[in-house]
Amino acid sequence: MRSVFSMAAVAGMALSSFVSAAPIESRDSPAFPLADGFPNPSHDQILAIQQRAGGTLPNAKPGPPVSQDGLISLRLIAFNELFEVAFFTELLTNLTNKVPGYDLGNGHQFILEAIEAVLAQEELHALNANGGLVGNHVDPILPCKYSFPVSNFKDAIALAATFTDVVLGTLQDVQFKFAASGDIGNVRGIGSVVGQEGEQEGFYRLLQTKVPSALPFLTTSVRDFAFTAIQGFVVPGSCPNIDTIKLNTFQPLNILSTLSAKSQTIEFTFDATKAGTDEYSTLKLVYINQQNNPILETITVIERDGNMVKASAYFPYSEFEMNGLTIAAIAKGNNFANADEVAADAIFGPGLIEIN
Ligand SMILES: *[C@@H]1O[C@H](CO)[C@@H](O)[C@H](O)[C@H]1NC(C)=O
């Protein structure tokens, strides 16, 4: 109890000591390969990464060949983990150099060491996924150039918490699809990463002085939503072999409202020319939260400005206790049994909403 309390106190102090944010700048960083050789570290470099990670790559013999659908999951995981490695490399650099917005004062060293471990762990996640691809005689996923819309520690941690929540939802889908395609040899390892990312999520939530465990049953997601969301942090055209990842990319859904823990109306925009219809009554704003049935809401157009439609819909927070991550999408139809069906008919999304 005592150590938890004092850690929260350290985190609280760290977060209240922010220097005001520098303006957001677009950067193509970090440069790969990293100083430690990633994504192609030598044997000795892997040993050093493992030391920083506090553990090793799995050393079990490779399992049976993975199905075509299983390869899609491995490619998505590699694509995601490369993005995470880029993010945490930059975050660690900012903390190490105490750039404006990243000098945490009291507790700085503790947080820096935690992020150093996370970075090495994410590198091993990426090496493991790409190793699975190479073991199946297909190309590994190569890193892109990235740009993160944050310039202070508080925003960086809020972003990390959001994309980690998307991962926690998407790995549920990956496990389901591995099992469905008979790739059962991969299910256990994914489970080990779900827990690992959950530990990270608890830390990021604690740093935001939120209750560490958000929900009894975490929000699910679908591979296409994660694939689209990650591309939001990629410099367009900079991914050498993203075309090998056969997943859908949706059109952007921009949530304008900052939501709080109450039922309310949310406003959002989308591009009319991408909707495929002018009959917006044939579309629904759909929310995916926890392990519940997708929630469908009517879209009300507020105004149209050129190609941009500004619209609103109800957000039933209180009716469904919609804490943690909610994934919003505009989909065609009026009956979706689960997140897969939402993704199959989605046009715009994912809008990522975090409450509490
Ligand atoms: C690191 O700091 C720079 C300069 O403020 C900023 O542009 C970048 O987005 C930051 N990256 C992360 C991951 O916090």
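In the annotation of an unreviewed UniProt entry, the protein is listed under the name Late sexual development protein and assigned to Lophium mytilinum.

Novice: So what's going on with the sheet that holds strand β7 (residues 324-332)? Which residues, and what values?
Specialist: In space, the four strands of this open sheet follow the order β4-β3-β7-β8, with antiparallel pairing throughout. Edge positions in the sheet fall to β4 (295-297) and β8 (346-355), since each of these pairs with one other strand and no more. Looking at each pair of strands side by side, their axes are set apart by 25° on average, direction ignored. Contacts from helix α5 (residues 153-180) reach β7 and β8, with the element oriented near 125° to β8.

Novice: Give me the side chain of D183: which residues, what numbers.
Specialist: Turning to its location among the elements, D183 is positioned in the loop between α5 and α6 (187-207). One buried charged residue, D183, remains without a salt bridge, the closest side chain of opposite sign being R223 at 7.9 Å. Within the local environment of D183, its side chain forms a polar contact with the side chain of S67, the two groups lying 2.6 Å apart. Setting aside residues up to four positions removed in sequence, D183 forms contacts with P65, V66, S67, G70 and F178.

Novice: Can you tell me about the environment of G198, naming the residues and giving the values?
Specialist: Note that G198 resides in helix α6. Classification of G198 by relative accessible area gives partly exposed; the value is 31%. Through-space distance from the C-alpha of G198 to that of N254 is 27 Å; in sequence the pair is 56 residues apart.

Novice: Before we move on, could you go through the packing of aromatic side chains and cite the residues and values that matter?
Specialist: Under the definition given, this model contains 19 aromatic pairs. Between F88 and F163, the aromatic rings sit 6.0 Å apart at their centres with planes inclined by 70°, giving edge-to-face as the arrangement. Of the two residues, F88 is situated in helix α3 (residues 68-96) and F163 in helix α5; the sequence distance between them amounts to 75 residues. Per residue, the accessibility class of F88 equals that of F163, and both read buried. Taken together, a centroid distance of 6.3 Å and an interplanar angle of 5° make the contact between Y146 and F148 stacked. An identical accessibility class is assigned to Y146 and F148; each is buried. A network of ring pairs unites the aromatic residues F83, F87, F88, F110, Y146, F148, F163, F203, Y204 and F233 as a single cluster.

Novice: Can you explain the packing of α3 against α5? Please cite residues and give values.
Specialist: Viewed as axis vectors pointing N to C, α3 and α5 meet at an angle of 165°, and their least axial separation amounts to 11 Å. In terms of orientation, α3 and α5 fall into the roughly antiparallel class. Relative to α5, α3 is oriented so that their crossing is left-handed. Its residues assigned to classes, the contact of α3 with α5 shows 18 nonpolar, four polar and three charged.

Novice: So what's going on with the sheet that holds strand β1 (residues 254-255)? Which residues, and what values?
Specialist: If you walk across this open sheet you meet the four strands as β1-β2-β6-β5, and the pairing is antiparallel. Every interior strand has two partners, whereas the edge strands, β1 and β5 (300-305), have only one. Two elements, β1 and strand β2 (residues 264-271), share two bridges in a ladder whose sense is antiparallel. In the sheet register, I255 faces β2, and the bridge partner there is F268.

Novice: Quick rundown of the site of the ligand? Include the residues and the values.
Specialist: Around the ligand there are 11 residues in total, and E90, N94, Y102, F148 and V150 lie nearest to it. In this structure, F148 approaches the ligand through a main-chain N or O atom, which is 3.3 Å from an oxygen atom. When the ligand sits alone it has 360 Å² of accessible area, and the protein chains cover 94% of it. Per-class residue counts for the shell around the ligand are six nonpolar, two polar and three charged.

Novice: Go over the domain arrangement of the protein with me, naming the residues and quoting the values.
Specialist: Interfaces are frequently sized by the accessible area removed from exposure as the parts join. Its domain assignment divides the protein into domain 1 (4-230) and domain 2 (254-355). Spacing between the C-alpha centres of domain 1 and domain 2 amounts to 27 Å. When the two sides are added together, the surface that domain 1 and domain 2 hide from each other amounts to roughly 1600 Å², 68% of it contributed by carbon and sulfur. Counting across the interface, domain 1 meets domain 2 through one salt bridge. Notably, a salt bridge pairs K177 with D340, separated by 3.1 Å at the nearest N-O pair. The interface formed by domain 1 and domain 2 holds six residue pairs in polar contact (both at pLDDT 80 or more) in total. Of all the secondary-structure elements, those providing two or more residues to the side of domain 1 that touches domain 2 are α5 and α7 (223-231). Take the side of domain 1 that touches domain 2: its biggest share by element is seven residues, from α5.

Each value, and the rule that gives it
- Along each chain, residue indices are assigned from 1 in the same order as the chain's sequence is written.
- For a predicted model such as this one, the threshold for reporting local features is a pLDDT of at least 70, and the threshold for listing and counting side-chain atom pairs is 80 or more; totals across whole chains, interfaces and linings nevertheless cover every residue.
- The basis for every side-chain value is the complete set of heavy atoms in the structure, and neither hydrogens nor water enter the calculation.
- Strands are labelled as partners when DSSP assigns at least two bridges between them.
- Put simply, DSSP marks the helices as runs of H or I at least four residues long and the strands as runs of E at least two long, and each gets a number from the N terminus on.
- For every element, the axis is a line fit to its C-alpha atoms; helices are fit only across the contacting stretch, and the angle between N-to-C directions ranges from 0 to 180 degrees.
- By definition in these notes, contact holds between two residues if any of their heavy atoms fall within 4.5 Å.
- For every residue, the accessible area obtained with a 1.4 Å probe (protein chains only) is divided by the maximum for its type, and the residue is called buried under 20%, exposed over 50%, and partly exposed between those limits.
- In this tally Asp and Glu are treated as negative and Lys and Arg as positive; neither His nor the chain ends contributes.
- By definition here, a salt bridge exists when the distance from a side-chain nitrogen of Lys or Arg to a carboxyl oxygen of Asp or Glu is within 4 Å.
- Pairs of N or O atoms are called polar contacts if they sit within 3.5 Å, as long as, within protein, a hydrogen donor faces a hydrogen acceptor (for residues adjacent in sequence, only side-chain-to-side-chain pairs).
- For this analysis, a ring pair means two rings from Phe, Tyr or Trp (six-membered ring only for Trp) whose centres lie within 6.5 Å, classed as stacked if their planes differ by under 30 degrees, edge-to-face if by over 60, and tilted for the remaining angles.
- The labels follow the angle: roughly parallel below 35 degrees, roughly antiparallel above 145, roughly perpendicular from 65 to 115, and oblique for the rest.
- Rotating anticlockwise by less than a right angle from the far helix to the near helix defines a left-handed crossing, while the corresponding clockwise rotation defines a right-handed one.
- Throughout, the ten residues Ala, Val, Leu, Ile, Met, Phe, Trp, Tyr, Cys and Pro are labelled nonpolar, Asp, Glu, Lys and Arg are labelled charged, and all others, Gly among them, are labelled polar.
- Throughout, the term near means that a residue has one or more heavy atoms lying within 4 Å of the molecule or strand in question.
- Accessible surface area values rest on a Shrake-Rupley calculation with a 1.4 Å probe, where residue burial reflects the displayed protein chains alone.
- Domain ranges listed in this record stem from an automatic or a database domain assignment.
- Summed over both partners, the accessible surface that disappears when two parts come together, traced with a 1.4 Å probe, is what is meant by buried area.

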